[in-house]
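Residue strings, one per chain:
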Amino acid sequence: MTIDSTPLREKKVGSANRNVTEPVLRVEGLEVTYYTDLGRAKALDDVSFTLNSGEKLGMVGESGSGKSTMALAMMRMIKPPGRIEGGKVIVGGTDLMSLPERDMRKARLNKIAYIPQGAMNSLNPVMRIGSQMADAIKSHLTGETKSSIEDRLSHALRSVDLDPGVARMYPHELSGGMKQRVCIAIGILLQPNVIIADEPTSALDVVTQRQVMETITRVQSEINAAVILIGHDMGLMAQAVDKVAVMYAGRLVELSTVREMFTDPKHPYSQALISSLPNLDNKGVFNGIPGLAPSLLRLPSGCAFHPRCPHGQRELQRSVRPEARILPGGRMVTCHLYDEEGHAHE
Amino acid sequence: MNVKVIVKRLLFFVLVVWAASTIVFFVPRLSTRNAIRERFGELARSGGFSPGDIEKLIESMNKSFGLDKPLLEQYWQYLNNIVHLDFGYSLSKYPSTVTEVIAQALPWTIGLLLVTTVLSFVIGTLLGAVSAWPRAPGWLRGIATPFILLTGVPPVIMGILLVFFIGFRLQWLPLGGAYSPGVVPTWSWPFFFDLMQHQVLPALSLILGSVGGWVLSMRGMGITIQGEDYVNYAEHKGLSAGRIFRDYYLRNALLPQVTGLALALGTVITSAVVVEGLFGLPGIGTALNLAIRANDFPVIYGIVIFITLAIALLMLILEFVYPLLDPRIRDS
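If you're wondering where the values come from, they're calculated on a predicted model, not measured in any experiment.

Rules of the game
Residues numbered from 1 in each chain as written. Chains lettered and ligands numbered in written order. Predicted model: local features only at pLDDT ≥ 70, side-chain atom pairs only at ≥ 80, totals over all residues. Helix = DSSP H or I, 4+ residues; strand = E, 2+ residues; numbered from the N terminus. Buried ≥ 20, exposed ≤ 12 C-beta atoms within 10 Å, placed from the backbone. Contact = placed C-beta atoms within 7 Å. Core = buried A, V, L, I, M, F, W, Y, C linked by C-beta atoms within 7 Å. Pairing = 2+ DSSP bridges. Axes fitted to C-alpha atoms, helices over the stretch in contact; angles between N-to-C directions. Parallel < 35°, antiparallel > 145°, perpendicular 65-115°, else oblique. Nonpolar A, V, L, I, M, F, W, Y, C, P; charged D, E, K, R; others polar. Expected span 1.5 Å × (residues − 1). Bend = angle between axes of the 7 residues up to and from the residue. pLDDT = per-residue confidence, 0-100. Left-handed = near helix turned anticlockwise from the far one by under 90°.

## Brief notes about the overall build of chain B
- The helix and strand inventory of chain B stands at 15 helices and 0 strands.
- The dimensions of chain B, computed from C-alpha atoms along their principal axes, are 85 × 60 × 35 Å.
- Evaluated residue by residue, chain B yields a buried proportion of 29% over its 332 residues.
- Intrachain contacts of chain B at a sequence separation of at least 6 include 69% that bridge at least 24 residues.

## Some details on the overall build of chain A
- Each helix and strand counted, chain A has 10 helices and 12 strands in total.
- Across the 346 residues in chain A, those meeting the buried criterion constitute 47%.
- Restricting to contacts in chain A with at least 6 residues of sequence separation, those with at least 24 account for 64%.

## Digging into the nonpolar core
- Core analysis: the largest hydrophobic core is formed by 155 residues, its most contacted members being Met 133, Ala 185, Ile 196 and Leu 229 of chain A.
- The residues touching Leu 229 of chain A, leaving out its near neighbours within four places in the chain, are Lys 56, Leu 57, Gly 58, Met 59, Ala 197, Met 237, Ala 240 and Val 241 of chain A.

## A closer look at helix α1 (residues 67–74) of chain A
All names here are of chain A.
- Within α1, 7 of the 8 residues are buried, which leaves the element mostly enclosed by the surrounding structure.
- Among all positions in α1, only Lys 67, Thr 69, Met 70, Ala 71, Leu 72, Ala 73 and Met 74 are buried.
- Among the residues trailing α1, Arg 76 stands out with phi positive, at a value near 55°.

## A look at the sheet that holds strand β5 (residues 94–95) of chain A
Residues and elements named next belong to chain A.
- With antiparallel pairing, the 4 strands of this open sheet are ordered in space as β2-β1-β4-β5. In this open sheet, the two edge strands, each paired with only one partner strand, are β2 (39–51) and β5.
- As paired elements, strand β1 (residues 25–36) and β2 share 9 bridges and run antiparallel to each other. Residue pairing across strands places Tyr 35 opposite Arg 40, the latter belonging to β2.
- Strands β1, β2 and β4 (82–91) of the sheet are contacted by α1, whose axis makes an angle of about 70° with β2.

## Here we look at the sheet that holds strand β12 (residues 332–334) of chain A
Residue and element names in this part refer to chain A.
- A sheet is described by the order of its strands in space; here 8 strands give the open sequence β6-β7-β8-β3-β9-β10-β12-β11, paired in mixed fashion. On the outer flanks of this sheet lie β6 (112–115) and β11 (324–326), each paired with one strand and no other. Direction aside, neighbouring strands of the sheet carry axes that sit 20° apart on average.
- In this structure, strand β3 (residues 56–60) lies alongside strand β8 (residues 226–230), joined through 4 bridges in parallel fashion. Each bridged residue has a counterpart across the sheet, and for Lys 56 the counterpart in β8 is Val 227.

## A few points about the packing of helix α11 (residues 241–266) of chain B against helix α14 (residues 297–325) of chain B
All names here are of chain B.
- Two numbers describe how α11 lies on α14: the axes approach to 10 Å, and their chain directions differ by 170°. Relative to α14, the element α11 is oriented roughly antiparallel. Contacts between α11 and α14 pair Leu 255, Val 258, Ala 262, Leu 265 and Gly 266 from the former with Ile 311, Leu 314, Met 315, Leu 318, Tyr 322 and Leu 325 from the latter.

## Brief notes about the interface of chain A and chain B
- Each side of the interface is counted separately: chain A has 24 residues, and chain B has 18 residues.
- Elements with a contribution of two residues or more to the side of chain A that touches chain B: α2 (101–107) and α3 (129–138) of chain A.
- Classifying every residue of the side of chain A that touches chain B gives 12 nonpolar, 8 polar and 4 charged.

## Here we look at α14 of chain B
Residues and elements named next belong to chain B.
- Here α14 contains 29 residues, and its C-alpha end-to-end distance of 41 Å stays within 8% of the 42 Å for a straight helix at 1.5 Å per residue.
- The principal kink in α14, of about 25°, is found at Glu 319, preceding the proline Pro 323 by one to four residues.
- Every buried residue belonging to α14 is among Phe 297, Pro 298, Val 299, Ile 300, Tyr 301, Gly 302, Ile 303, Ile 305, Phe 306, Thr 308 and Ile 311, and all of these are buried.
- Contacts from the buried residues of α14 go to α1 (3–30), α2 (35–45), α4 (71–83), α5 (98–131), α11 and α13 (284–293).

## Some points on the confidence of the model for chain B
Residue and element names in this part refer to chain B.
- Put simply, chain B has an average pLDDT of 84, and 98% of its residues get 70 or more.
- The lowest-confidence element of chain B is α2, averaging 74 in pLDDT; the highest-confidence one is helix α10 (residues 229–236), averaging 92.
- Across the interface, the model reports ipTM at 0.84; the global pTM reads 0.80.

## Considering the environment of Leu 149 of chain B
- Residue placement: Leu 149 of chain B occurs in helix α7 (residues 144–150).
- Here the alpha-carbon distance between Leu 149 of chain B and Gly 213 of chain B, two residues 64 residues apart in the chain, equals 10.0 Å.

## Overview of the environment of Ile 115 of chain A
- With respect to the helices and strands, Ile 115 of chain A occurs in strand β6.
- Through-space distance from the C-alpha of Ile 115 of chain A to that of Met 75 of chain A is 11 Å; in sequence the pair is 40 residues apart.

## What to know about unusual backbone geometry
All names here are of chain A.
- For the bond from Pro 80 to Pro 81, the omega torsion is 10°, close enough to zero to count as cis.
- Backbone geometry at Leu 109 places phi at a positive 75°, although glycine is not the residue there.
- Examined against the element boundaries, Leu 109 turns out to sit in the loop between α2 and β6.
- The class of Leu 109 is buried, set by 25 C-beta atoms lying within 10 Å.
- Within the chain, Glu 199 stands out as a residue other than glycine whose phi angle is a positive 45°.
- As for its position among the elements, Glu 199 is in the loop between β7 (194–198) and α6 (206–223).
- Of the residues examined, Glu 199 has 19 C-beta atoms within 10 Å and is grouped as partly exposed.

## What to know about the packing of α3 of chain A against helix α4 (residues 146–159) of chain A
Residue and element names in this part refer to chain A.
- Orientation of α3 relative to α4, taken along the N-to-C sense of each, is 120°, at an axis distance of 10 Å. By the criterion of interaxial angle, the relationship of α3 to α4 is oblique. The two elements α3 and α4 cross, and the hand of that crossing is right-handed. Judged by residue contacts, Gly 130, Met 133, Ala 134 and Ile 137 of α3 engage Ile 149, Arg 152, Leu 153 and Ala 156 from α4.
- A breakdown of the residues in the contact of α3 with α4 according to their chemical character gives 6 nonpolar, 1 polar and 1 charged.

The structure is reproduced here in structure tokens:
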């Protein structure tokens, strides 16, 4: 099923694509299953959302909730024993899932770019930075002259606050933050419609984290791409994104603006996430989420969250799988507590 | 690479060669055997010498080989000779000098051993890389398997089997020798063709058993490299499979292989003794073999020191090539 999100919040972004009503990214019913020796694990279950140009979506959830699988599925980079079992990923009008493999390769970086999780090891140690950027350009554009490639490189490097001279260096000569910036620079080389950043700051110190986040925000507004930020640092998300999507056991359980999410989370899991954040008024008191994330091989019946849910003891939660519902105001929540029209029960 | 590092490497090279030569000098002198006395003893047994004459002869020989001087002086003279690549005269092939003996044998060994070692390195490395590459077609990945099975067969056994089946039973190729008897070596196509025919079986016996080793080490490395983030990210960048294979996968998996190649080149001489002996090829291995049988000490010295020099030189070259392959080494 599909959730159409009209602009959730009036934003002033670059006007180029603003008058286009069709969202730049539309994910519909994406499903990924891993066929392991222990059984089938549904890593993504009927995930749907849309994103407009210039918008930033933060994707949060516990480890194993499907965040990274989501990124890989959108790039069509799920490797066996995993398989994309259904769904569409429409970028700028083209469904990536139905492209032949050759065209999909061309679409990577060009339409949809990926900024890797482990930037520390994501650059080839025996190639100069410039060559690793240039080969990305050469693989997608034909007939680029040497000087135009050169121009693109220095422009991309400057956009992420790096000296163009970095192109002549090797990865081991750069710091962690610089490597991450190089990966961002590669991500924007071809000005893609969608950028997926998979925990782009996880290996960096707090100061560098902030700088890298600011860099992502700046280059995004420069090329007006839609950005999906994957991570579990809610604090960092709160500062950086427009919308937040919460994943639980392979499902998208809530999608709303960052303000709504932090002031009035709807899904009980989101509520637990928000209340587990350290709070200035309530020093020293941490409310963890009781219970453990379920194994995808043995998902609880009905709503996968019901064993940990404070409202999960009724028959409905235990036996019936909840469907995504649109609440008044355009928020999406996948929970039995809200009826078909999205009004809260109780 | 800065000057300091280069000087350090060169000094180390000199040190290795010096240490090896010193060992080679002193170890035989610990033995009570006397090469000159043994040689003349042999002559005496075939008759025609009175014992007094032989003592005189030995004395004059000792003098001309400098063996009457104090040990340290001999040692100094010996080091001096090595620097000038002068190992004196061969005892068994007098009046040829040791350098001449080596120079005559060397092209054969380089031609066969060096070529086969490099060839099996290239074949094995490529097969290993392909066999670990998940996107390679199945039949291509399967080619490596028979070579892995042959890994355990030593060159001698392989050589005997090849000579028996292909040379003796099928009579497709000559049994041995460097070229057909009666043929005069000239720079001509017919001679070259004859030469090559004689090299096929020795080359096969060296290659067949050694490709598997390269396949295995490359395969292991290839599997490791495939799991690296940068190979994965290269695919995310939308690079073509060929480019990822060449620049990201092969290039990185190759680094330990190159070290292996240098080490393998060092052991070339061991195979040479065996294979050249088996096929009757006039290379360094055969020269060493003959010298040992004939107690031809100058030639043994010469060849051992020459091998030491060659290996040390290969290592030195590797030290300079490796930073070109792996930039991370340059700064450390």
